[in-house]
Amino acid sequence: QLFDLLSDPYELKDISEDTANAAIIEDYKNKLQEILNPNVIDKKCREDQEKIISAFGGREKFSQDIVWKTSETPVPGEYIQ
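It should be emphasised that the depicted structure is a prediction, and the values quoted were computed from it without experimental measurement. (Residues numbered from 1 in each chain as written. Predicted model: local features only at pLDDT ≥ 70, side-chain atom pairs only at ≥ 80, totals over all residues. Heavy atoms only, no water.)

Engineer: Can you explain the pattern of salt bridges? Please cite residues and give values.
Structural biologist: All chains considered together, the criterion is met by five salt bridges. Between Asp42 and Arg46 there is a salt bridge; the shortest N-O distance is 3.0 Å. Here Arg46 and Asp42 lie together in helix α2 (residues 38–55), a separation of four residues that amounts to about one turn. (Salt bridge = Lys/Arg side-chain N within 4 Å of Asp/Glu carboxyl O. Helix = DSSP H or I, 4+ residues; strand = E, 2+ residues; numbered from the N terminus.)

What follows is the structure, encoded as C-alpha cells:
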C-alpha cells in the first residue's frame, strides 16, 4: 500500500497501483530488501538453529532424546518423551 499523506491523511486511497508511482514502489521495495533480506534472515535463523541443536548434543542425540508423539508443536514447557 502507498498513500499520499499530504492529500490523504486518513489513508483512504491506496495509490500503489497507479503506474505513475511505480518508481516509488520499486525504491521502497529495494530499501526494504536491504533492511530485511529474506535470504540473509533465513541463513541467520538456520545458523541459530544449528547452535541450539549443537548445545543439546547434536542432531543425532537431539533426535533420540525427543520423540514427538504428534505432528503438532508441543505446548511451551511440555517435554514429550
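Engineer: Got a sec to walk through the side chain of Asp8? Specific residues and values, please.
Structural biologist: The residue Asp8 is located in the segment before α1 (22–35) in this model. For the buried Asp8, no salt bridge exists, and the shortest N-O distance to an oppositely charged side chain is 7.8 Å, to Lys13. At a separation of 2.7 Å, a polar atom in the side chain of Asp8 contacts the main-chain amide nitrogen of Lys13. (Buried < 20%, exposed > 50% of the residue type's maximum accessible area, 1.4 Å probe, protein only. Lys, Arg positive; Asp, Glu negative; His and termini not counted. Polar contact = N/O pair within 3.5 Å; in protein donor to acceptor, adjacent residues only side chain to side chain.)

Engineer: Talk me through α2; I want residue IDs and the actual numbers.
Structural biologist: Here α2 spans 26 Å end to end across 18 residues, near enough to the 26 Å set by a 1.5 Å rise per residue. Taking the backbone nitrogen of Asn39 as reference, a side-chain oxygen 2.8 Å away marks Asn37 as the first, capping residue of α2. Remark: Gly57 follows α2 within two positions and exhibits a positive phi of approximately 100 degrees. (Expected span 1.5 Å × (residues − 1).)

Engineer: So what about unusual backbone geometry? Which residues, and what values?
Structural biologist: Phi at Glu11 is positive, roughly 55 degrees, even though this residue is not glycine. Owing to a relative accessible area of 42%, Glu11 belongs among the partly exposed residues under this scheme.

Engineer: Mind laying out the environment of Ser16, listing which residues take part and the relevant values?
Structural biologist: Mapped onto the secondary structure, Ser16 falls in the segment before α1. Note on Ser16: relative accessible area 18%, which makes it buried. Along the primary structure Ser16 and Phe3 are separated by 13 residues, whereas in three dimensions their C-alpha atoms are 7.5 Å apart. Engagement of the side chain of Ser16 in a polar contact is seen with the side chain of Asp14, the distance being 2.9 Å.

Engineer: Requested: an account of the confidence of the model for the chain, with residues and values cited.
Structural biologist: For the chain, per-residue confidence averages 85 on the pLDDT scale, and residues scoring 70 or more make up 79% of the total. Across the chain, element-level confidence peaks in α1 with a mean pLDDT of 94 and bottoms out in helix α3 (residues 59–65) with 71. (pLDDT = per-residue confidence, 0-100.)

Engineer: I'd like a description of the side chain of Asn21, backed by residues and values.
Structural biologist: Along the chain, Asn21 falls in the segment before α1. Under the relative-accessibility criterion, Asn21 is labelled buried at 12%.

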